[in-house]
Amino acid sequence: RYIMTAVKSGLMIIDQHRAHIRILYEQYLDRLSRKKCESQKVLFPEAVHLGASDGMTLERIMPEMQAMGFELTSLGGGSYAVNAVPAGLDGISIPGLIQDMVSSAGEQPSAVIADINKALALSMARHAAITYGCVLDNTEMEFIVNGLFACSNFNYTPDGKAVLCILKQTEIEHLLG
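Since the structure is predicted, the reported quantities are computational estimates derived from the model, not experimental observations.

Undergrad: Mind showing me how you'd approach the state of the cysteines here?
TA: One way to say it: the disulfide is the covalent bond shared by the sulfur atoms of two cysteines. For the structure shown, the criterion picks out zero disulfides. No disulfide involves Cys134; its sulfur sits 18 Å from the nearest other cysteine sulfur, which is in Cys151. Residue class for Cys134 comes out partly exposed when judged on its relative accessible area of 30%.

This is the structure:
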């Protein structure tokens with residue numbers, strides 16, 4: 001769950017799940033801004049069923065979904081076939097992801113594209129991030145740490161949760177003293 005590394009002032013503790021969310025969020029936003037999202041066709045299209053209001057939200061955000069790499073076809077009655085997804089989303093529930101993304105976008109008070117893109121990127125990052133309890137090897141931990149410190153804000157997730165903390169040397173000495 002945590003990556004621990006020694007720093008000058010003590011011990012840095014990084015929440016690996018939250019760190020991965022931050023990394024993926026910034027990657028997705030960057031791809032959206034550059035319109036450089038790669039799509040991956042699915043062998044067996046999955047169906048997503050949405051209520052009336054979510055269906056309207058999906059129609060409103062369809063250009064952003066397509067820019068991210070999703071290819072959806074309306075089947076009528078609030079159902080959509082998922083024909084392609086952004087590359088790198090292996091092993092996650094695509095219908096669940098799309099429902100969450102549509103719900104997140106629907107909660108945005110404005111129709112400003114930047115706000116919608118942020119909501120979509122955060123939703124995708126949450127679904128694609130490594131899960132709690134996933135054991136990482138040294139290479140993977142190094143990738144997370146380096147990726148985190150390459151982010152514009154490495155201290156917090158996009159929704160404001162702390163990603164890391166530093167346990168100062170004096171605190172460690174006091175605890176073990």
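That shown, we press on.
Undergrad: Would you mind showing me how to read the nonpolar core here?
TA: The nonpolar side chains of soluble globular proteins are, as a tendency, buried together. Judged by nonpolar contacts, the single largest core of 32 residues is most densely connected at Leu58, Met65, Phe70 and Ile98. Counting only elements with at least two residues in this core, the list comes to helix H1 (16-34), helix H2 (52-68), strand E5 (79-86), helix H3 (94-106) and helix H4 (113-128). With sequence-adjacent residues up to four places away left out, Leu58 is seen in contact with Leu50, Met65, Leu72, Tyr80 and Val102.

Undergrad: Teacher, can you tell me more about the sheet that holds strand E2 (residues 10-15) here?
TA: One key point about sheets: their strands pair by backbone hydrogen bonds, in either a parallel or an antiparallel sense. With antiparallel pairing, the three strands of this open sheet are ordered in space as E1-E2-E6. If you trace the sheet from one side to the other, it starts and ends with strand E1 (2-7) and strand E6 (164-168), each paired once. On average, each strand axis in the sheet is tilted by 25° relative to the strand beside it, whichever way the strands run. Note: E2 against E6, five bridges, orientation antiparallel. Its bridge partner being in E6, Gly10 is matched across the sheet by Lys168. Of the strands in this sheet, E1, E2 and E6 are in contact with helix H5 (residues 138-149), which crosses E2 at around 90°.

The rules we used
Residues numbered from 1 in each chain as written. Predicted model: local features only at pLDDT ≥ 70, side-chain atom pairs only at ≥ 80, totals over all residues. Heavy atoms only, no water. Disulfide = S-S within 2.5 Å. Buried < 20%, exposed > 50% of the residue type's maximum accessible area, 1.4 Å probe, protein only. Core = buried A, V, L, I, M, F, W, Y, C linked by side-chain atoms within 4.5 Å. Helix = DSSP H or I, 4+ residues; strand = E, 2+ residues; numbered from the N terminus. Contact = heavy atoms within 4.5 Å. Pairing = 2+ DSSP bridges. Axes fitted to C-alpha atoms, helices over the stretch in contact; angles between N-to-C directions.

Keep in mind these values describe shape, not function.
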